[in-house]
Amino acid sequence: MLRGIDVSAYQSSSYDTSGLSFAFIKATEGRTYVNPHAGAQAKTARDAGLVVGFYHFLWPGDLTAQAEHFVTAAPSRAGDILAVDWETTGDGTHASNSEKDTFLKRVKALRPTHRIVLYCNLDFWLNIDSTSYAGDGLWIADYVSAGHPRIKAKWRFHQYTSTPHDQDVANFASKAALQDWATP
């Protein structure tokens, strides 16, 4: 298993990259929010030779505007992974299954040379998702032993703890295999 991290504006731009192979950085949320540290956080990952991913926190409504906002604001390059974070919003709502699927497909249409993945927690995957559509791969949050999420679906990334920060593993044999997969 490869080790990784995911960061947002709450984390330092100079986070520790020791022993990591990849990093996901929050880029955007909804139609207007942009992480002001995304560029610096991506630079930290790139300088350490990590595979870089960016994610968008999805809100219900106007999926085209959100997808365009995400791909415009995320400082992505060829070989970077793009992800949608599908969970409950700050106001207690969440995008529907149809909205989640439409967003993933819209981002893929806007960035066809990037891998597009779905991030969600165990409850969303087992109890809210009804389509099992995860784009190019599933990134599941389930706080159990690293690499052992409690799902039957094939997963690519597993967020297994948020202590002291969000930590992940990737289901690839090597960093080179992850890099090859990330560049379709």
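Just so you know, these numbers come straight off a predicted model, no measurement behind them.

(A) Molecular detail of the layout of surface pockets. By volume, the largest pocket is sized at about 290 Å³. Residue lining of the largest pocket: 18 residues in total, with Ser8, Lys26, Tyr55, Asp85 and Asp166 positioned closest to the centre. Secondary-structure elements contributing two or more residues to the lining of the largest pocket are strand 1 (2-7) and strand 4 (51-57). Its residues assigned to classes, the lining of the largest pocket comprises 9 nonpolar, 4 polar and 5 charged.

(B) Spotlight on the side chain of Asp80. Relative to the helices and strands, Asp80 is located in the loop between helix 2 (63-73) and strand 5 (81-85). Looking at Asp80, the relative accessible area reads 3%, which means it is buried. Among the polar contacts listed, one links the side chain of Asp80 to the side chain of Arg46, at a separation of 2.7 Å. Not counting chain neighbours up to four residues away, the residues in contact with Asp80 comprise Arg46, Val52, Phe54, Pro75, His114, Arg115 and Ala182.

(C) Representation of the pattern of salt bridges. Scanning the model with the defined rule gives 10 salt bridges in all. When the shortest N-O distance is used, the salt bridge between Arg31 and Asp62 registers 4.0 Å. Of the two residues, Arg31 sits in the loop between strand 2 (22-29) and strand 3 (33-34) while Asp62 sits in the loop between strand 4 and helix 2, which places them 31 residues apart along the sequence. Overall, the relative accessible area of 51% leaves Arg31 in the exposed class. Taking relative accessible area as the criterion, Asp62 reaches 40% and is therefore assigned partly exposed. Note that Arg115 and Asp136 form a salt bridge whose closest N and O atoms lie 4.0 Å from each other. Residue Arg115 is located in strand 6 (residues 115-121), and its partner Asp136 is located in the loop between helix 4 (122-128) and strand 7 (137-141); the two are separated by 21 residues in the primary sequence. Asp136 gets classed as partly exposed once you look at its relative accessible area, which sits at 23%. Each of Lys100, Asp101 and Asp129 takes part in a single network of salt bridges with overlapping partners.

Cut-offs and rules
- Residues numbered from 1 in each chain as written.
- Predicted model: local features only at pLDDT ≥ 70, side-chain atom pairs only at ≥ 80, totals over all residues.
- Heavy atoms only, no water.
- 1 Å grid on protein atoms, 1.4 Å probe; cavity = no way out; pocket = protein on both sides within 12 Å on 5 of 7 lines; lining within 4 Å.
- Points joined across faces, edges and corners; volume = space filled by probe spheres on them.
- Helix = DSSP H or I, 4+ residues; strand = E, 2+ residues; numbered from the N terminus.
- Nonpolar A, V, L, I, M, F, W, Y, C, P; charged D, E, K, R; others polar.
- Buried < 20%, exposed > 50% of the residue type's maximum accessible area, 1.4 Å probe, protein only.
- Polar contact = N/O pair within 3.5 Å; in protein donor to acceptor, adjacent residues only side chain to side chain.
- Contact = heavy atoms within 4.5 Å.
- Salt bridge = Lys/Arg side-chain N within 4 Å of Asp/Glu carboxyl O.

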